[in-house]
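Structural description and commentary
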Amino acid sequence: MKAMLLGTAVLGAMLAAPVTAATIDRFATLNGEAPILIAHRGASGYLPEHTIAAYELGIQMGADYIEPDLQLTADGHVVVMHDGTLNRSTNVEELFEARNGGYAVKDFTLDEIRTLTAEPTRTATNEYPGFSSDYPFVVPTFDEVLVWLDEYNAENGTDIGIYPESKAPYNAALNTAIAQSLSTHGYTEAADKVILQSFSFDSAEELAALTDSMMIDATIAQLGSATLLDGVFGMTYGGEFRSLEALAEYVEGLGVSISSPALGAEFISAAHDLGLVVHGWTWRPTSLEEAFAQIQPLIEAGIDGIFTDYPDLGRAVIDANMPAPVPLPAALPMLLAGLGGLAVLRRRRK
Ligand code: G3P
Ligand code: CA
């Protein structure tokens, strides 16, 4: 009776759900599953980078993670901004005089930064009709992004992760504030899908120690260039090299420039052997054809994550690698044959 119920449940599930084969064993990633897709600065190829709107669009285009770059303001708040200065991606020059010869984030208070409008860069525009935020082009704080993502996931039944970057150079106050925000907003379990990254070796090491001591179950990733030095694979940033063995002492992931000469199947395999995932940045294809040409070789080499400004193109390439669905007419006889085989085995055991 139990076996019959099980068979009915399996058949019911097959009829109710889209019939797709498991992805496991198909990908050469560390966990055998599809590479994660990271909306780099949000869907920044389409909307002003590092805005709630860009994150939202990135998710709607199929991203698994959003990526905020983080900087400290003059009054100690963590804001989401790629550059150490405000003028490339906001209208700060229209509203403020330069300070200390420029527009450094660290020279402006949060209240001042809140008056700015994030502006489109590169191929982005500011036309997007589906905002869930009333102020989509304000420069957000890290806290606001954490709250927004939590609400977004709850409202939409999604489990989108977050991949915050403590921008180099090393800044102890920034690292502490990042860890504190994660703790305050309850991003402490593996299920919360937090990957912390930095180009600064010191920051990555410190973030690993901080999250350990604060019981935050986050993945730590070292950013840099994949390097082969005297026959040893490692990561380089700012003229400093650390071997994969040394990095594996405190990080679980590597964020690698896709223009690194050493990036390929051998590097990825060496990282996987040490339990390290490899995420590549940053893909900026100008067409679907170019996306396939650029991303597919790294998928075949086993890359575990894809940072792109164009999450829709990244999603298309990843999905094209998913195993083809098993059509129902073929799946049904397979299921019945499987159940028949089980019955024979049970009879033999008796
Ligand atoms: O964090 C991965 C990638 O974003 C590093 O480059 O300069 O865009 O932060 P960047
Ligand atoms: Ca980044």
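Attention in this report is confined to the structure presented alongside it. Computed from a predicted structure; not experimentally measured. (Residues numbered from 1 in each chain as written. Chains lettered and ligands numbered in written order. Predicted model: local features only at pLDDT ≥ 70, side-chain atom pairs only at ≥ 80, totals over all residues. Heavy atoms only, no water.)

So, the coordination of the calcium ion (ligand 2)
Ligation of the calcium ion (ligand 2) by protein atoms is provided by E67 (OE), D69 (OD) and E165 (OE), these donors lying 2.1 to 2.3 Å from the ion. With six donor atoms in place around the calcium ion (ligand 2) and angles of 57 to 162 degrees between them, the coordination shape is irregular. For the calcium ion (ligand 2), the donor residues sit on a single chain with the sequence spacing E-x1-D-x95-E. Here the residue D69 occupies a position in strand β3 (residues 69-72), and E165 occupies one in strand β6 (residues 165-166), the gap between them amounting to 96 residues. Judged on exposure class, the residue D69 and its partner E165 are both buried. (Donors = N, O, S within 2.8 Å, 3.2 Å for Na, K, Ca; no water. Tetrahedral: all angles 85-135°; square planar, octahedral: opposite > 155°, others 65-115°. Helix = DSSP H or I, 4+ residues; strand = E, 2+ residues; numbered from the N terminus. Buried < 20%, exposed > 50% of the residue type's maximum accessible area, 1.4 Å probe, protein only.)

Brief notes about the site of ligand 1
Around ligand 1 sit H40, R41, E67, D69, H82, E165, K167, Q197, F199, L223, W281 and F307, and those are all the residues in its vicinity. Here an oxygen atom of ligand 1 and a side-chain polar atom of E67 are 3.0 Å apart. A distance of 3.1 Å separates an oxygen atom of ligand 1 from a polar atom in the side chain of E165. Here ligand 1, which alone exposes 290 Å², has 91% of that area covered by the protein. Residues belonging to the shell around ligand 1 are distributed by class as follows: four nonpolar, three polar and five charged. (Near = heavy atom within 4 Å. Polar contact = N/O pair within 3.5 Å; in protein donor to acceptor, adjacent residues only side chain to side chain. Areas by Shrake-Rupley, 256 points an atom, 1.4 Å probe, with all protein chains shown as cover. Nonpolar A, V, L, I, M, F, W, Y, C, P; charged D, E, K, R; others polar.)

Some thoughts on unusual backbone geometry
The residue after A168, namely P169, is reached through a cis peptide bond having omega 5 degrees. For P169, the position within the fold is in the loop between β6 and α6 (172-184). A cis amide bond links W281 with the next residue in sequence, T282, at an omega value of -10 degrees. Structurally, T282 can be placed in strand β12 (residues 277-283). At H50, a residue that is not glycine, the phi angle is positive and equals roughly 55 degrees. Tracing the chain through its elements places H50 in the loop between β1 (36-40) and α2 (52-60). Look at K193: it is not a glycine, yet its phi comes out positive at around 55 degrees.

Observations concerning the packing of aromatic side chains
Considering all chains together, one arrives at nine aromatic pairs under this definition. Seen in terms of ring centroids, Y46 and Y310 are 5.3 Å apart; in terms of plane orientation they differ by 85 degrees. Their pairing is edge-to-face. With Y46 in the loop between β1 and α2 and Y310 in the loop between β13 (305-308) and α11 (311-320), this pair connects stretches of sequence that are 264 residues apart. Residue Y46 is classed as partly exposed on the basis of its relative accessible area, which comes to 25%. Judged by centre distance (5.4 Å) and plane angle (90 degrees), the rings of F199 and W281 are edge-to-face. Here the residue F199 occupies a position in the loop between β7 (195-198) and α7 (201-213), and W281 occupies one in strand β12, the gap between them amounting to 82 residues. Using a relative accessible area of 21% as the deciding quantity, one classes W281 as partly exposed. Ring pairing ties together the aromatic residues Y65, Y163 and F307, which thus form one cluster. (Phe/Tyr/Trp six-rings, centres within 6.5 Å; stacked < 30°, edge-to-face > 60°.)

Comments concerning empty space enclosed by the protein
To find leftover empty space, one rolls a probe the size of a water molecule over the atoms. Taken as a whole, this structure holds one cavity of 30 Å³ or more when the rule is applied. Lining the largest cavity, in full, are E49, H50, T51, V80, M81, S89, T90, A118, V138, V139 and P140. When its residues are assigned to classes, the lining of the largest cavity shows six nonpolar, four polar and one charged. (1 Å grid on protein atoms, 1.4 Å probe; cavity = no way out; pocket = protein on both sides within 12 Å on 5 of 7 lines; lining within 4 Å. Points joined across faces, edges and corners; volume = space filled by probe spheres on them.)

Let's talk about the layout of surface pockets
Of the voids in this model, the largest pocket is the one considered here, and its volume is about 480 Å³. What lines the largest pocket is a set of 24 residues, and nearest its centre among them are N31, A34, I36, Y65 and D304. Those elements that provide at least two residues to the lining of the largest pocket are β12 and α11. Grouping the amino acids of the lining of the largest pocket by side-chain chemistry returns twelve nonpolar, five polar and seven charged.

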